[in-house]
Structure formats: structure tokens, C-alpha cells
Amino acid sequence: MYRTHSCGALTASDINTEVTLSGWVQKSRDKGFMIWIDLRDRYGLTQLIFDEERTATDLMEKAKNLGREFVIQITGTVIERQSKNPNMNTGAIEVLVSELTILNEAKTPPFTIEDTTDGGEDLRMKYRYLDIRRNPVKENLLFRHKVSMEVRKYLSDDGFVDVETPYLIKSTPEGARDFLVPSRMNQGQFYALPQSPQTFKQLLMIGGLDKYFQIVKCFRDEDLRADRQPEFTQIDCEMAFVEQEDVFNAVEPVMRGVFEEFTERAVTPSPFPRIAYADAMLKYGTDKPDLRNPIEIVDVSDVFGRDDVEFKAFKG
């Protein structure tokens, strides 16, 4: 057994318990007669202590050689921490180590594995596996997981079926160019990556799956835009035997439920306000207006375009 507890689980109620932990060395503080190690995993930090009065000499020497991001396993006894840290879940305890196993040594990382790091974006992308260990990136991944699970819950409870469709398909004439993948088995021929999962909606509808959804990758070989990348993820919902109102009634509870779950605030008004496409283009000049901006476009061509008004910009 590599661990009995995670590094974020131990509290004062575990004092005098023998535990085994595994994780990464966050930092080491060597005072000569005493060494503190912050051990990190996905769940949090636990402070380890090596004390020359209570720790064997060979174990103290082994602890002195631990570097940042070493992967280690320890066994020890949970004791009360003299200087408690109220900002940590495990701030009331520390573990007096009796056994230490180095599972994997590590080179000094090129940037600090901290919430606010000294690594630039290019460097962090090069060592992405190190960047993922940082709390902001880890929390984003966990948050995305929670949101997708909430979406799946709402849609599944409403009778939608999650269907996985192929990534390698025949090229289809859609709005952008396809990404092409050469076929090893069929020389000179290519697969295309789907621009959107709607390619298969007709098959599923005709096949009798009247409600299905996917949280799925889409691929488009086109120039970058502010809201579009070469690959992106979308929630695709398809329904048969429905009218426009049925679509609104299916999607709005999902949107409302997800936002209320993760913002912990009521989403108002209910139902969502609706605006016709023609009105949106006339008032805002876009079919996806930001209604937080109160400024609207007003058509004054009737005023400034009259013959008795000399204002060429409008008159022409």
C-alpha cells in the first residue's frame, strides 16, 4: 500500500495514528537538528518532520538529500503541530517520519511549482506536466470536470443519451476546411476530422434515438478568432419530434442549474429573456449581444436622410 491517507486528509482527530503518505516534495527547510518537508499531492499539503532526537541518523541524512519534486513515500506518526497554520486543512498536525522511501528522484524544476510562479508561459507550456501540478491549473481541470458532470446529470435526467461518434470520417462540405489524416491502410486516401458532431445527428434521429447529447471535440482548419480555435469543445444536443419551445425548455434548466450550482446565486430572470434575431441585429449589430451594455443602435436615417437636412454621411 503506497498510502493510507491523502496529503489533505489528516486533522487533529488523527493524532497518534500511524499513517503512510505518498507525494511530491513541495519544499524542504533544514535547520540542522530538525528538517521540515512539505509533502504535496492532488488533495493538499502535509508537513513532515525529521527530528534528530527522535529520528535515526541515517534517516536524517536521507531527508537532507531530498530535493523539490522528489516523489517519496513515508510512514510515520501524526503528532500535534506546535506552530499551527489555520490556513491549511492539515495545519493542526504534522507527521513524525519513521520510514522514508524515495520513489523517484527529480531534477530541479525550471520554475517554481507555486500558485504564483516565476515561469513564463512558453516555459510552462514546454513543461506542461509540471505546470499541471500548480493549484490554478489543477483547480481549472477539476472545475471543468465538475461542470461537465453537472451538464451530464441534467441532460441524462431529462432523457438524453450520451452517444460517442467517430473522429475519423468522410470529408463533409461545411463552413471551414477539414483537417485531413492520411490513411496507412488505404494509400492516397484521407480521413477528415469532424467539424462538428451534427454530422451524425441524422443517423441517430432516424435510428430512433430521439434525444442525444455529446460533450465533444470539433476540428476546423481555419484562421484563429477570439472565440474559435483549431480544436474546441462544444455541448451538442439533438432532439426529434420537438418544436422551438421544447428546445428552450430542455436547455434553459441546464444553463440555470450549472450557473446556480457553481456561482451559488440565483439566476434571474426566469425564464430567460428572448430577443428575435432581427431585433438583435437592428439594436446591437450582432446575433450574440452582451445585454449588460445598455447602449443600443438607433436608426436615424429617416431624420438625417431628409432632403432638407444637409448631412452627407447619412443622406448618401
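Look a little higher up for the structure.
Note that the structure is predicted; figures quoted are calculated from it, not measured.

Attention now moves to the overall build of the chain. Counting secondary structure elements, the chain contains nine helices and ten strands. A compact globule built from 316 residues would reach a C-alpha radius of gyration of about 20 Å, whereas the chain, at 29 Å, exceeds it by more than 25%. Seen along its three principal axes, the alpha-carbon backbone of the chain occupies a region of about 95 × 60 × 40 Å. The buried share among the 316 residues of the chain stands at 32%. Considering only intrachain contacts with a sequence separation of at least 6, the fraction spanning at least 24 residues in the chain is 52%. Taken as two groups, the 41 positive and 53 negative side-chain charges of the chain have centres that lie 3 Å from each other.

The strands making up a sheet associate through backbone hydrogen bonding, with each pair oriented either parallel or antiparallel. With mixed pairing, the three strands of this open sheet are ordered in space as 6-9-10. Bordering the open sheet on either side are strand 6 (161-162) and strand 10 (231-239), each of which pairs with just one other strand. As judged from the two bridges shared by strand 6 and strand 9 (residues 211-219), these two strands associate in the parallel manner. Residue pairing for strand 9: Val161 is matched across the bridge by Tyr212. Contacting strand 6, strand 9 and strand 10, helix 4 (residues 135-157) crosses the sheet at an angle of about 150 degrees to strand 9.

Here helix 4 contains 23 residues, and its C-alpha end-to-end distance of 32 Å stays within 8% of the 33 Å for a straight helix at 1.5 Å per residue. Buried residues of helix 4: Val137, Lys138, Ser148, Glu150, Val151 and Leu155, and no others. If you follow the buried residues of helix 4, they end up packed against helix 3 (128-131), strand 9, strand 10 and helix 6 (244-263). Backbone geometry just downstream of helix 4 places Gly159 in the positive-phi region, at approximately 95 degrees.

What follows deals with the pattern of salt bridges. For the structure on display, the rule yields 20 salt bridges. A salt bridge links Arg134 to Asp131; the shortest N-O distance between them is 2.7 Å. The pair Arg134 / Asp131 is uniform in exposure class, with both members buried. One salt bridge in this structure joins Lys153 and Asp157, with 3.7 Å as the shortest N-O distance. Within this pair, Lys153 and its partner Asp157 are both found in helix 4, separated by four residues, close to a single helical turn. Residue Asp157 is classed as exposed on the basis of its relative accessible area of 61%. Three or more residues are tied together by salt bridges with common partners; here these are Arg124, Arg128, Asp131 and Arg134.

Mapping Gln195 onto the fold places it in the loop between strand 8 (190-193) and helix 5 (201-206). When residues no more than four places from it in sequence are discounted, the contact partners of Gln195 are Thr172, Glu174, Gly175, Ala176, Arg177, Asp178, Cys218, Phe219 and Arg220.

In this section: the environment of Arg42. In this structure, Arg42 sits in the loop between strand 2 (34-41) and strand 3 (44-51). With a relative accessible area of 48%, Arg42 lands in the partly exposed category. When residues no more than four places from it in sequence are discounted, the contact partners of Arg42 are Lys138 and Leu142.

In terms of nonpolar packing, the biggest core is built from 22 residues, with Leu21, Leu48, Phe50, Ile72, Ile74 and Val95 touching the most fellow members. Elements supplying a minimum of two residues to this core: strand 1 (18-30), strand 2, strand 3, helix 1 (57-64), strand 4 (71-80) and strand 5 (93-104). Among the elements that make up this core, the one with the highest residue count is strand 5 (four residues). When sequence neighbours within four positions are dropped, the list of residues in contact with Val95 reads Leu10, Val19, Leu21, Thr46, Gln47, Leu48, Ile49, Ile74, Gly76, Thr77 and Val78. Counting eight residues, the second-largest nonpolar core is a separate cluster that includes Leu155, Met239, Ala250 and Val254.

Cut-offs and rules
- Residues numbered from 1 in each chain as written.
- Predicted model: local features only at pLDDT ≥ 70, side-chain atom pairs only at ≥ 80, totals over all residues.
- Heavy atoms only, no water.
- Helix = DSSP H or I, 4+ residues; strand = E, 2+ residues; numbered from the N terminus.
- Rg over C-alpha atoms; globule rule 2.2 N^0.38 Å.
- Buried < 20%, exposed > 50% of the residue type's maximum accessible area, 1.4 Å probe, protein only.
- Contact = heavy atoms within 4.5 Å.
- Lys, Arg positive; Asp, Glu negative; His and termini not counted.
- Charge placed at Lys NZ, Arg CZ, Asp CG, Glu CD.
- Pairing = 2+ DSSP bridges.
- Axes fitted to C-alpha atoms, helices over the stretch in contact; angles between N-to-C directions.
- Expected span 1.5 Å × (residues − 1).
- Salt bridge = Lys/Arg side-chain N within 4 Å of Asp/Glu carboxyl O.
- Core = buried A, V, L, I, M, F, W, Y, C linked by side-chain atoms within 4.5 Å.

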